[in-house]
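Next come the chains, spelled out residue by residue.
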Amino acid sequence: EQIEKGGYEHFMLKEIHEQPNAISDTFRGRMLVDKGIIRMAGVDDNMERISNAKRIIIVACGTSWHAGLVAEYVFEEIARIPVEVEYASEFRYRNPVISENDVIIAISQSGETADTMAAIKLAKEKGAFAFGVCNVVGSSISRETHAGAYTHAGPEIGVASTKAFTTQITVLTLMALKLGKFKGTISNSDFHMYLQEMERIPDKVKTALESDAVVTKIAEIYKDAPNCLYLGRGYNFPVALEGALKLKEISYIHAEGYPAAEMKHGPIALIDEQMPVVVIATKKGHYEKVVSNIQEIKSRKGKIIGIVTQGDEEVRELADHVIEVPETIEALTPLLTTIPLQLLSYHIAVMLGKNVDQPRNLAKSVTVE
Ligand code: G6P
């Protein structure tokens, strides 16, 4: 097992650090930047069907559901197809309206999650086209779907999902770009810009991983907090949910993710000098709005941990701590902002002496209801 961990103390840490390579592996052979082409056989072979979708329904559970939420923003922005993101367990039991013009995308690291599998079967019975985004090759969901795209993240052992999340976002972004190009909903110049920036993401993830020392210090300060709030807007709202989930899963600290602007409709009541609030406040995407959310937290004496773009001064002035990530296109920021949140939960769990790779009560793959 020590050898499998490749010198890391835990699988989770190894998998966090594998993300630059895992993301490269996800787009290797698919993204031909010079030619301005994205090749994805499962999409190419079914282009008419998928691009004519009246609606895309994404079904997933857990972290994969969070990747689906990011994909909702990406698909709607780039491919202009309406998207709904459903918890597979809710979707399958509520007699959903599904038509033959719908495309259902199931996202699943393991490809074995029982509820996600049942959701696909239901959608297929009603005539929808089913597309799978799985990590495990030959898994049940990859076989049950009409077509799909693997994430190629390599085996993920840690129960708390890390590289599966970022590679799912990568594959879904490629898919949205491909559809957008086919439909003409993204300009050629924007398409090229995305491809070029996507190619830089693995290096930028490496830079984001360098926040480890800063994150460790922050973990030391807040490891005994009973609660933690995570806020983000737009593309980074799902990242806030995912950051909170990571902390809950492995450190057993109660954490909630919220859209930053919704804070005033509830969670703001919880804020006092004891409450750490992680705020994703990168430069692109509602930056000024997030800054004003930070001011609201500060005036209630909450402790602010800002995830910011390199060189940011404004949030640095207001926040108790900042963690920097490189700048990128707004739609790709989740691939970077997620990294320090994974590290934060990891370090807190280690400091608290928790079983990081196999947290209590959780399973890597939930194959029964
Ligand atoms: C379990 C795992 C999570 C995972 C979820 C969905 O709860 O502990 O890490 O996100 O299942 O799994 P899937 O394999 O379908 O992505």
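Preceding this paragraph is the structure being described.
Just so it is clear, the model here is predicted, and its values are computed rather than measured.

K.L.:
I tried to follow the nonpolar core on my own but got confused; where do I start?
P.N.:
Membership of the largest hydrophobic core comes to 126 residues, with the highest contact counts inside it found for Ile58, Ile104, Ala106, Leu231 and Val279. It is helix H9 (residues 163–183) that provides the largest number of residues to this core, a total of 10 residues.

K.L.:
Hey, could you run me through the pairing of strand E10 (residues 276–281) in this one?
P.N.:
Consecutive side chains along a regular strand alternate between the two faces of the sheet. By the criterion of burial, E10 is predominantly enclosed, with six of the six residues buried. Of the strand pairs in this sheet, strand E8 (residues 227–232) and E10 are connected by three bridges, and their pairing is parallel. Of the residues in E10, the one forming a bridge with Leu229 is Val277. Note: E10 against strand E11 (residues 303–309), six bridges, orientation parallel. What sits directly across from Pro276, in E11, is Lys303.

K.L.:
Is there a simple way to think about the packing of helix H5 (residues 62–78) against helix H12 (residues 237–251) in this case?
P.N.:
Each packed pair of helices is defined by two parameters, the angle between the axes and the distance between the axes. Put simply, H5 and H12 touch, their axes get as near as 9 Å, and they point 165 degrees apart. Judged by the angle between their axes, H5 and H12 are roughly antiparallel. The handedness of the crossing between H5 and H12 comes out as left-handed. Of the residues in H12, those in contact with Thr63, His66, Leu69 and Val70 of H5 are Pro238, Leu241, Glu242 and Leu245. Tallied by class, residues from the contact of H5 with H12 come to five nonpolar, two polar and one charged.

K.L.:
Would you explain helix H11 (residues 212–222) in this entry?
P.N.:
For an α-helix the count is 3.6 residues per turn, leaving residues at separations of three or four pointing the same way. Three or more residues of H11 are buried, namely Val215, Ile218, Ala219 and Tyr222. Angularly, the buried residues of H11 cover 105 degrees about the axis, an arc narrow enough to put them on a single face. Exposed side of H11, more than 90 degrees from the buried face: Ala213, Lys217 and Glu220 are the residues found there. Where H11 is buried, its residues touch E10, E11, strand E12 (321–325) and helix H15 (334–351).

K.L.:
Help me understand unusual backbone geometry in this model?
P.N.:
Positioned with a positive phi, Asn95 is a non-glycine residue whose angle comes to about 45 degrees. If you trace the backbone, Asn95 turns up in the loop between helix H6 (88–91) and strand E5 (102–108). Even without being a glycine, His152 presents a positive backbone phi close to 55 degrees. Residue position: His152 is located in the loop between strand E7 (147–150) and H9.

Thresholds applied
Residues numbered from 1 in each chain as written. Predicted model: local features only at pLDDT ≥ 70, side-chain atom pairs only at ≥ 80, totals over all residues. Core = buried A, V, L, I, M, F, W, Y, C linked by C-beta atoms within 7 Å. Buried ≥ 20, exposed ≤ 12 C-beta atoms within 10 Å, placed from the backbone. Helix = DSSP H or I, 4+ residues; strand = E, 2+ residues; numbered from the N terminus. Pairing = 2+ DSSP bridges. Axes fitted to C-alpha atoms, helices over the stretch in contact; angles between N-to-C directions. Parallel < 35°, antiparallel > 145°, perpendicular 65-115°, else oblique. Left-handed = near helix turned anticlockwise from the far one by under 90°. Contact = placed C-beta atoms within 7 Å. Nonpolar A, V, L, I, M, F, W, Y, C, P; charged D, E, K, R; others polar. Arc of directions from axis to C-beta.

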